[in-house]
Amino acid sequence: MKSEKLLQYTIIFFTIICIIPFLYISFYIHPTNDDYVYALTHIDMNCWEAMIDSYLNWSGRFFATLISSLNPLSITSQPIVWYKIYSFILILFFCATIFLSAYLLFRKIFSLRHIIATSCFFILLYLTLCPKVSELFYWFSSYTAFTIPNIVALLFLALFRYKHPIVLVLQAILAFLIPSGNEVTAILFVMTMIFLSYTMKEKRFYIMTLISILSIILVILSPGNSIRMDGQLSGHPYIWTLLISTFQTISWAILWLPTLILATFIYIPMIGIHIPSCKIWNIKISHYIIFTIITVFLAHIPPTLGLSSVMIGRTANALYFFYILLYFIGVQIIIEKNKERIADFLSFKYTHIICGSATFCFIFLGSLNLESPICTAYMDIISGKAQAYNQQWNNRNHMAQETNSGIVIFNSFDIVPKTIYINDLEDKANAQFCNAYAEYYQLDCQVQTTARHARFTTNFETLFTIGKAMR
């Protein structure tokens, strides 16, 4: 009991430590590229007009378009300030939604401290291996389409604990909206719903699955998708899709499973062993593994086939969110079928040492690894990279506003903060994003940057530079 409480407090403490830099650094971010383009496209439209226009001319992601109509560049008089506030609120919303989902699922079997520790465990695990934090929290055009639909999907799944009519109506709405956030989440969400329908065999699961399938069909049928995809297919799209999807499905397992396996030694004593029996766990583990591999493979189809792209950045963020969920469902299936063996393991006199060692390794070799996203956020603040990035954007904006004609040439970024940097304006004044920037601010001049040479440095290099400067 004492060791379990210690484990819970340890996870809560380190999660708080790890969230702080992400909240702090949100006040150094700035809008970038697509944010200006989308703001200009829909600046004179209400949310419904923007949603219809996008559906017909650019993308079937009507839920993402609905959220993006709240772009601070479109609706506020101080867009830069609100852009920063949005990200700060999003991080809190991300954490709060995970906590609320855990509370809805476990409030009858866990104490409040236990629920907080459970939610902190998943927050910490996600931030430890998050593929690209900048697109998770700090790029409006990305988090409206990927981050928000993902965390809303988690809340949707937690609501299955309740059968009240109002809850069912809310779930029906969410089941329709979530697949229209982005295509990767749509595949993962629909496949998860198919799995739940197969295992639970209840009418409400069938209904929600059908609604989500209807939504994804509407996304696919969007006239805007064909416009967006025009010219982006590779010469051999199906071969490309098969090869890349297979390769990446294998590569994610190599990249993520070692840390997830380590985290399992925290999950089992803190969470897994306390979860009661459920129909979901009554499936052969071999069948579930096959289902998971197929699901992960299918999630690669939209970016590889639709855009001839690999899964990176925001699409990988979406995959990893569901990957954690799918992994621990598999762990729970194994626990359910091996309760006696698990109980014997937990009663072993050295188990607390094993689990304590695993927790130490997970935190200090994973979450607080020098090159982890969490340490990177700290290093971007301590080194001054984030402050310098913010100041350079402020200088750019001031310079552009003060120039009445000609072309303003901004210095390109050099060493940039990996946590918040997305992209830069182009080095040609008539390029798309430069034009959008100038048009949004109603400049009397054109803008461009010098040749792009923005680069990231490793945290080890950053520490070396700081130490050298302090001598």
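Below you will find a few notes about this structure.

Concerning the overall build of the protein chain
Now for step 1: Within the protein chain one finds 24 helices and two strands.
Now for step 2: At 23 Å, the protein chain has a C-alpha radius of gyration in line with the 23 Å of a compact globule built from 471 residues.
Now for step 3: Principal axes of the C-alpha set define a box for the protein chain whose edges measure 75 × 60 × 45 Å.
Now for step 4: Here the protein chain, with 471 residues, has 53% of them falling under the buried criterion.
Now for step 5: Within the protein chain, residue pairs in contact and separated by at least 24 positions form 81% of the contacts whose partners lie at least 6 positions apart.
Now for step 6: Side-chain charges in the protein chain split into 29 positive and 23 negative, and the spacing between the mean points of these groups amounts to 16 Å.

Concerning the packing of aromatic side chains
The description of an aromatic ring pair rests on the distance of the ring centres and on the angle between the ring planes.
Now for step 1: Under the criterion given, the structure shown has 47 aromatic pairs.
Now for step 2: When the centroid spacing of 5.9 Å and the interplanar angle of 40° are considered together, the rings of Tyr-288 and Phe-291 count as tilted. Note that Tyr-288 and Phe-291 are positioned in helix H16 (residues 285-299) at a spacing of three residues, about one turn of the helix. Side by side, Tyr-288 and Phe-291 carry an identical accessibility label, which is buried.
Now for step 3: An aromatic cluster is built from Phe-22, Phe-94, Tyr-126, Phe-137, Tyr-138, Trp-252, Trp-256, Tyr-320, Phe-321, Phe-322 and Tyr-323, whose rings are joined through pairwise contacts.
Now for step 4: Taking NZ or CZ as reference, Lys-201 lies 4.6 Å from the ring centre of Tyr-198, over its face.
Now for step 5: Taking the ring centre of Trp-393 as reference, the NZ or CZ of Arg-396 above it sits at 4.8 Å.

With respect to the packing of helix H21 (residues 373-382) against helix H24 (residues 459-470)
Now for step 1: Running from amino to carboxyl end, H21 crosses H24 at an angle of 30°, the nearest separation of the two axes being 10 Å. If you check the angle between H21 and H24, you find them roughly parallel. When you trace H21 past H24, the crossing you get is left-handed. In this structure, H21 contributes Cys-375, Thr-376, Met-379 and Ile-382 to the contact, and H24 contributes Asn-459, Thr-462, Leu-463 and Ile-466.

With respect to empty space enclosed by the protein
Now for step 1: One pass over the full model with this rule turns up one cavity of 30 Å³ or more.
Now for step 2: Reported here for the largest cavity is a volume of approximately 60 Å³.
Now for step 3: Every element with two or more residues in the lining of the largest cavity is listed here: helix H8 (133-137), helix H10 (147-158) and helix H18 (313-337).
Now for step 4: No other element matches H18, which puts four residues into the lining of the largest cavity.
Now for step 5: By residue class, the composition of the lining of the largest cavity is seven nonpolar, four polar and two charged.

Parameters and conventions
- Residues numbered from 1 in each chain as written.
- Predicted model: local features only at pLDDT ≥ 70, side-chain atom pairs only at ≥ 80, totals over all residues.
- Heavy atoms only, no water.
- Helix = DSSP H or I, 4+ residues; strand = E, 2+ residues; numbered from the N terminus.
- Rg over C-alpha atoms; globule rule 2.2 N^0.38 Å.
- Buried < 20%, exposed > 50% of the residue type's maximum accessible area, 1.4 Å probe, protein only.
- Contact = heavy atoms within 4.5 Å.
- Lys, Arg positive; Asp, Glu negative; His and termini not counted.
- Charge placed at Lys NZ, Arg CZ, Asp CG, Glu CD.
- Phe/Tyr/Trp six-rings, centres within 6.5 Å; stacked < 30°, edge-to-face > 60°.
- Lys NZ or Arg CZ within 6 Å of the ring centre and 35° of its normal.
- Axes fitted to C-alpha atoms, helices over the stretch in contact; angles between N-to-C directions.
- Parallel < 35°, antiparallel > 145°, perpendicular 65-115°, else oblique.
- Left-handed = near helix turned anticlockwise from the far one by under 90°.
- 1 Å grid on protein atoms, 1.4 Å probe; cavity = no way out; pocket = protein on both sides within 12 Å on 5 of 7 lines; lining within 4 Å.
- Points joined across faces, edges and corners; volume = space filled by probe spheres on them.
- Nonpolar A, V, L, I, M, F, W, Y, C, P; charged D, E, K, R; others polar.

Note that all results are geometric; they support no functional claim without further evidence.
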